[in-house]
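# Structural overview
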Amino acid sequence: MLLDAIRTQIDTLSRSEKKVALAVLDNPSLTLAENITALARSAQVSEPTVVRFCRALGYDGWQEFKLRLAQGLALAPPEDANPPLPDDLAADLVAKICTRSINALLDLRNNLDPEAIQRALDILAKARKIEFYGQGSSGIIAADAQHKFFRSGIPTVAYSDPHVHSIAAALLAKGDAVVAISQRGTSTSVIRSVQLARKAGADVIVLAPRGTPLADLANVLVPIDIGADNDPYTPISARLAHLAVIDMLAVGLALRAGPERRRKILAAQRSLQRIDMHLDAFTAAPQPGSRRR
C-alpha cells in the first residue's frame, strides 16, 4: 500500500519532503480531499516540494500520487488484529498471525502492477543465466527463488554474501539477468552489485519499494510497497509478499517455456518422484543386521 511505502522510505527523504510525508500519514483521507495547495500549506512547505515528494516515491507528480492514494485507500484490506501479546493463547496467535498474512497478500494483489510482472517475464524468458541477490531475510528469499527457478531449465544461482555477489555481478554479460531483492531497497552492498551488473550489460529486475535507491537502478521494477514490520515477534509481511512475487515469476516463466523445455521440466519432476519412491522403499525395508521384534 502507498502509505506503507511512505513509512518505509521516509528516512530517505529530505527534511522538507519528510514534512509532506508526515502530513499525508497523519490524515490520508484529508490529503485525498485536498488539492496540492492545501497539502503544501498543511505541511508548511512549497508546492514544488510536494511535487518533489511525489517524484521521490516514484510517481510523475501530484495527480498520479493522488490517484494511487485513492486506489490504495479504496482497496485497503481490513486492519490487522491487535499485535501479539505475551499472555495471548495459541488461538489468539493463530488468528492474529493469519490475519496479518492474509492482509499482506490482499494488499499485494490490490496494488501490484501486472505490467511490471509481464516486463520481468520478458527479460527472464530470454536470459542465458539468472542470478538472485539478497541479504539477510532477503537472502533467504533469493535462495527460495533459485530453488524454484532452476527447474525452468535456465542456469540459476542465488547469492547472499555481499563479496560473492559483487564478484559474480562483475562477471556477467549482455543476455544475463539479475533479480535483486530487498525489503527496504537501501542495502548498500546489493546496490553496489546491481551497479556492477548494469555496467557489465546484464538486465536487472528489482523487487523493492518504489522510490528507493535500489529501485532507481532497475531495468524493470516490481514495486512491493508493503512496509517492514519492526515487531521482532511477528513475521515480516514484506517477506511474504516477496515470496508470492517470486512464485508468480517462476510459474509465469514455466508456462512460457517451449515444448522441449517443458518436456525437460516434466522429466526432471518424474525423476524426483522416482528418487522419493526409492528413498521411501529403502527407509521402510529392514536394514542388514537389524532384528525384527
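Now for a look at the structure at hand. (Residues numbered from 1 in each chain as written. Predicted model: local features only at pLDDT ≥ 70, side-chain atom pairs only at ≥ 80, totals over all residues. Heavy atoms only, no water.)

## Comments concerning the pattern of salt bridges
Definition in use: We define a salt bridge as a contact between a side-chain nitrogen of Lys or Arg and a carboxyl oxygen of Asp or Glu at a distance within 4 Å. By definition, any uninterrupted DSSP run of H or I lasting at least four residues is a helix, any uninterrupted run of E lasting at least two residues is a strand, and each is numbered from the N terminus. Think of it in three bands: with a 1.4 Å probe and only protein chains considered, a residue is buried below 20% of the maximum accessible area for its type, exposed above 50%, and partly exposed in between.
Counted according to the given criterion, the structure contains six salt bridges. In this structure, Arg-256 and Asp-122 form a salt bridge, with 3.0 Å as the shortest nitrogen-oxygen distance. With a gap of 134 residues between them, Arg-256 in the loop between helix H12 (237-255) and helix H13 (259-284) and Asp-122 in helix H8 (residues 114-126) connect regions that are remote in the sequence. A relative accessible area of 34% means that Asp-122 is categorised as partly exposed. Close ionic contact of Asp-176 with Arg-128 constitutes a salt bridge, the shortest N to O distance being 3.5 Å.

## Overview of the nonpolar core
The criterion, for reference: Side-chain atoms within 4.5 Å are what join buried Ala, Val, Leu, Ile, Met, Phe, Trp, Tyr and Cys residues into a set we call a nonpolar core. Two residues qualify as a contact provided that any one of their heavy atoms is within 4.5 Å of a heavy atom in the partner residue.
Counting residues in hydrophobic clusters, the biggest one holds 32 residues, and the most contacted among them are Leu-124, Ile-130, Phe-149, Ile-205, Val-222 and Val-245. When residues of this core are traced back to their parent elements, those giving at least two are H8, strand E1 (130-133), helix H9 (137-149), strand E3 (177-181), strand E4 (203-208), strand E5 (220-223) and H12. The biggest single contributor to this core is H12, with seven residues. Those residues in contact with Ile-130 that lie beyond four places of it in its chain are Leu-124, Phe-149, Ile-154, Pro-155, Thr-156, Val-157, Ala-177, Val-179 and Leu-253.

## Focus: H8
In plain terms, the rule: Expected span, for any helix, means 1.5 Å times one less than how many residues it has. What the arc covers is the set of directions going from the helix axis to the C-beta atoms. Between N or O atoms, a polar contact is any pair within 3.5 Å; within protein, one atom must be a potential hydrogen donor and the other a potential acceptor, and residues adjacent in sequence are included only when both atoms are from side chains.
Helix length check: H8, at 13 residues, gives a terminal C-alpha distance of 19 Å against a target of 18 Å (1.5 Å per residue), a fit within 8%. Along H8, the residues that are buried comprise Ala-116, Ile-117, Ala-120, Leu-121, Ile-123 and Leu-124. What you see down the axis of H8 is that its buried residues fit within an arc of 165°, all on one side. For H8, the exposed residues set more than 90 degrees away from the buried face come down to Pro-114 and Lys-126. Where H8 is buried, its residues contact E1, H9, E3, E4, E5 and H12. A distance of 3.1 Å separates the backbone nitrogen of Glu-115 from a side-chain oxygen at the start of H8, and that oxygen is part of Asp-113.

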